[in-house]
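# Examining the three-dimensional arrangement
In case you want the letters, here they are:
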Amino acid sequence: KRDGVEADELPQRAEKKARVDDENGGGGGGGGEGGEEAESENVLCGFKTSNVLNDSAREKTMFIRGKLADQEAVVILEKTPIREDTLAELFSGSTLKLEMKNDIYSTYRLHCSSSSSMIKTTVVCPATDKHVTKYQRQESSLVEETGEDYQSITLPYIQKQTFSVQWVYNILEKKAEADRIVYEDPDPEVGFVLLPDFKWDQKQVDDLYLIAIVHQRDIKSLRDLTSEHLPLLQNIFQKGKEAILQRYNLPASKLRVYLHYQPSYYHLHVHFTKLGYEAPGCGVERAHLLADVIQNLQSDPRYYETRTLYFPLRANDGLLSKFKEAGRL
Ligand code: GTA
């Protein structure tokens, strides 16, 4: 039991042991519309590795570029946390190999059964050059973007260069992930869909990660928000927190609720992660707490239209080149 939630109470859990999360059309609009999850077929048996884009021993992740049936693909492997409800199986159903023993201290290699050593696997196929760039290890630089910079540099760039949001429309239209929806407010103005982020395997609440995707389709990011959007933002904040309390027994005081600037996908969405879990992108240089966003808009209706915003860009990001060309870096 963790944070008051029985592991057994978590939805759609352990039975899908080797699940592959498919990005469904995230590939620059080239992918299909539907969202079938591959459940048992090993779609990766023919995967040919080209190179490792990034890896982290601490986070136990590896981002690999390769070919899947002659199509460019990115595969993300991530070792999953050890779950309390697997401990009995772990201790009784494993083999132990002694590595060293010294007084009261000893270390072993524990070879466990497949269900305990699951690797969460994400496949992006067909992957665009932009996906490869996104997942490649790169130095970042902090960019200072005024309201005018947004209009003259960022907006023209994102109008041409962003990732497809087909996967978002699939969710809103129930063509994909419909069975994963935790809560929906169908109102076209203030409504949204709340569902698990595909980075969360939903096996434990320690790394809880959900996203709220708004039904309105013309709000690209934080920059587009004005006081007109306050009812929408307040609705997401309130109902999102209530739905998470009801489903996962996690109170609002244990949540980090924020927006990314810049996001990868320019359709407004809000991240709900568990406080204490260092989700990728939750640092101060990228995450804007929804509570702050609401207050800022209450005190200045045009806050996000006019303020200078700061964010990191990777060395190989085309937007960084645009800022350099404009002499803004
Ligand atoms: N439910 O199809 C989807 C889907 N897609 C395509 C993206 N998301 C999806 N969720 C569902 N179904 O949190 C999620 C993303 C992200 C959010 C978009 O939507 O997981 P954003 O627009 O602000 O984009 O949010 P962001 O944060 O840059 O995207 P992302 O992918 O999270 O990348 C941030 C960093 O996280 C990456 O640079 C990488 O270092 C790391 N990362 C990405 N994916 C994984 C992964 N699968 N495992 C581990 N680390 C990862």
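Just so it is clear, the structure is predicted and the values come from calculations on it, not from any experiment.

A cluster of nonpolar residues, Ile82, Leu87, Phe91, Leu96, Leu98, Tyr108 and Leu110, forms a patch on the protein surface that exposes about 700 Å² of accessible area. Put simply, the parts of the chain that give the nonpolar patch at least two residues each are helix 1 (87-92), strand 5 (95-102) and strand 6 (105-111). As for its placement among the helices and strands, Leu98 is situated in strand 5. Given the relative accessible area of 46%, Leu98 is considered partly exposed.

On to the side chain of Gln216. As for its placement among the helices and strands, Gln216 is situated in the loop between strand 11 (209-214) and helix 5 (230-248). Discounting residues that sit within four places of it in the chain, Gln216 has contacts with Pro188, Glu189, Leu232 and His267.

Strand order in the open sheet made by the 6 strands is 9-10-11-13-12-14, with antiparallel pairing throughout. Of all strands in the sheet, those with a lone pairing partner are strand 9 (183-185) and strand 14 (287-289), marking the two edges. Ignoring which end each strand starts from, the neighbouring axes of this sheet average 25° apart. Pairing analysis gives 5 bridges linking strand 11 to strand 13 (residues 269-274), with the strands arranged antiparallel. Looking across to strand 13, one finds that Ala212 is bridged to Val270. Lying over the sheet, helix 5 contacts strand 9, strand 10 (192-196), strand 11, strand 12 (255-260) and strand 13, oriented at roughly 35° with respect to strand 10. Against the sheet, helix 6 (residues 290-299) engages strand 12, strand 13 and strand 14, with an angle of about 65° to strand 14.

Among the nonpolar cores identified, the biggest contains 64 residues, and Leu194, Leu208, Leu210, Leu225, Ile244, Tyr248 and Phe272 are the most heavily contacted of them. In terms of residues, this core owes the most to one element, helix 5, which gives 8 residues. Membership of the second largest hydrophobic core comes to 8 residues, among which are Leu53, Ile76, Val132 and Tyr135.

Relative to the helices and strands, Thr61 is located in strand 3 (residues 61-68). What makes Thr61 buried here is its relative accessible area of 12%. In this structure Thr61 touches Asn54, Asp55, Ser56, Leu77 and Glu78, once residues within four positions along its chain are discounted.

The next subject is the site of the ligand. Around the ligand, a shell composed of 25 residues is seen, among which Glu177, Asp197, Lys199, His260 and Ser264 lie nearest. Take Glu78: an N or O atom from its side chain is 3.4 Å from a nitrogen atom of the ligand. One of the backbone N or O atoms of Phe198 is found 3.2 Å from a nitrogen atom in the ligand. When the ligand sits alone it has 890 Å² of accessible area, and the protein chains cover 93% of it. At the level of secondary structure, the elements contributing two or more residues to the shell around the ligand comprise strand 4 (71-79), helix 2 (129-135), strand 11 and strand 13. For the shell around the ligand, the residue count by class is 11 nonpolar, 5 polar and 9 charged.

The rules behind each value
Residues numbered from 1 in each chain as written. Predicted model: local features only at pLDDT ≥ 70, side-chain atom pairs only at ≥ 80, totals over all residues. Heavy atoms only, no water. Patch = residues over 30% accessible without salt bridge, like charges linked within 9 Å, V, L, I, M, F, W, Y side chains within 5 Å. Areas by Shrake-Rupley, 256 points an atom, 1.4 Å probe, with all protein chains shown as cover. Salt bridge = Lys/Arg side-chain N within 4 Å of Asp/Glu carboxyl O. Helix = DSSP H or I, 4+ residues; strand = E, 2+ residues; numbered from the N terminus. Buried < 20%, exposed > 50% of the residue type's maximum accessible area, 1.4 Å probe, protein only. Contact = heavy atoms within 4.5 Å. Pairing = 2+ DSSP bridges. Axes fitted to C-alpha atoms, helices over the stretch in contact; angles between N-to-C directions. Core = buried A, V, L, I, M, F, W, Y, C linked by side-chain atoms within 4.5 Å. Near = heavy atom within 4 Å. Polar contact = N/O pair within 3.5 Å; in protein donor to acceptor, adjacent residues only side chain to side chain. Nonpolar A, V, L, I, M, F, W, Y, C, P; charged D, E, K, R; others polar.

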